Amino acid sequence: MTAVDPDEARRLLEHELDRSAYDGAQPTWWDRASQSFLDWLGSLRADGLDSPAAARTALVIAIVVLVAVIVLVVVARGLPRRRARTGDGATGGVFDDDDLRSARELLEAAQDAARRADWSAAVLDGFRAIARGLGERDLVPDVPGATARTIASRGALPFPAAAGALDDAASTFDAVRYLGAAADTATARRVLDTERDVRQARPARSGEPVGPA
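Quick caveat, the model's predicted, so the values are computed rather than measured. Counting restarts for each chain: residues are numbered from 1 in the order of the written sequence. The predicted nature of this model means local features are confined to residues of pLDDT at least 70 and side-chain atom pairs, given and counted, to a pLDDT of 80 or more, with totals for whole chains, interfaces and linings taken over all residues. To obtain the side-chain values, all non-hydrogen atoms of the structure were used and water was disregarded.

Each helix is a run of H or I in the DSSP string that is no shorter than four residues. Each strand is a run of E no shorter than two, and both are numbered from the N terminus. With respect to the helices and strands, the residue Glu 136 is situated in helix H5 (residues 119-136). With 34 residues separating them in the primary sequence, Glu 136 and Ser 102 have C-alpha atoms 8.3 Å apart. Any two residues whose heavy atoms approach within 4.5 Å are treated as being in contact. With residues up to four places along the chain from it excluded, the contact list for Glu 136 reads Ser 102 and Ala 103. Under this definition, polar contacts are N or O atom pairs within 3.5 Å; protein pairs additionally need one hydrogen-donor-capable and one acceptor-capable atom, and for neighbouring residues in sequence, both atoms have to be side-chain atoms. A distance of 3.1 Å separates the side chain of Glu 136 from the backbone nitrogen of Ala 103, its partner in a polar contact.

So this is what it looks like as structure tokens:
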């Protein structure tokens, strides 16, 4: 194994900790601990130890600690960055973690929102009713964090005739929830019509068209 010079190890860790993704953060206990480790690493010199063997052992330990620190930094600070990108155009899951409503309850909420002319709420709960209904019928796995696109593409397998409508409903859901678009009467009605059509349709077997139940 090629030995890594302590100065080079220090430079690599400083580069990782000083990346622009971390700029603007206030010093935390993690930052202070990292700086203490860097100070100790900078003071490590072979000529300050009793023997070359001791120097090599200390250097190996330092490298192992360095790798562990970088991994912890990526895990601890990488996940929040991925979540933050959701607000910049990426999409997340259809359901919130605490949303345990049944398909019927979601449909009733969507219909109530439509009666109040809250078209955006009607779109969101209308598509959620589609997703929950597919899960309750064991047609699409109810996977936490599944996106609208994923649900639509999987729902098109048992309901190929509704593939276009499901894709349109998923696009509408993402636009309203994640891009801040305002729904109108027509878009809300399309999502609710898709929910009704999928709910009333009979899942297709291989080579069999989908029709009303």
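Within the secondary structure layout, Thr 147 lies in the loop between H5 and helix H6 (148-155). Each C-alpha atom, one on Thr 147 and one on Asp 174, is 8.8 Å from the other, the two residues being 27 residues apart in sequence.

What follows covers the packing of aromatic side chains. Each aromatic pair joins two rings of Phe, Tyr and Trp (for Trp, the six-membered one) with centres within 6.5 Å, and gets the label stacked for planes under 30 degrees apart, edge-to-face for over 60, and tilted for any other angle. All told, the structure shown has 1 aromatic pair when counted by the stated rule. Taking 5.4 Å as the distance between ring centres and 35° as the angle between the ring planes, the aromatic pair formed by Phe 127 and Phe 173 counts as tilted. Linking Phe 127 in helix H5 with Phe 173 in helix H7 (residues 163-178), this pair joins segments that are 46 residues apart in sequence. For the pair shown, Phe 127 and Phe 173 are each scored as buried. The rule for a charge over a ring is simple: NZ of Lys or CZ of Arg within 6 Å of the ring centre, and within 35 degrees of the ring normal. Above the face of the Phe 95 ring, Arg 132 is positioned so that its terminal group lies 4.0 Å from the ring centre. Here the term buried applies to any residue with accessible area under 20% of the maximum for its type, exposed to any over 50%, and partly exposed to those in between, with areas from a 1.4 Å probe on protein chains only.

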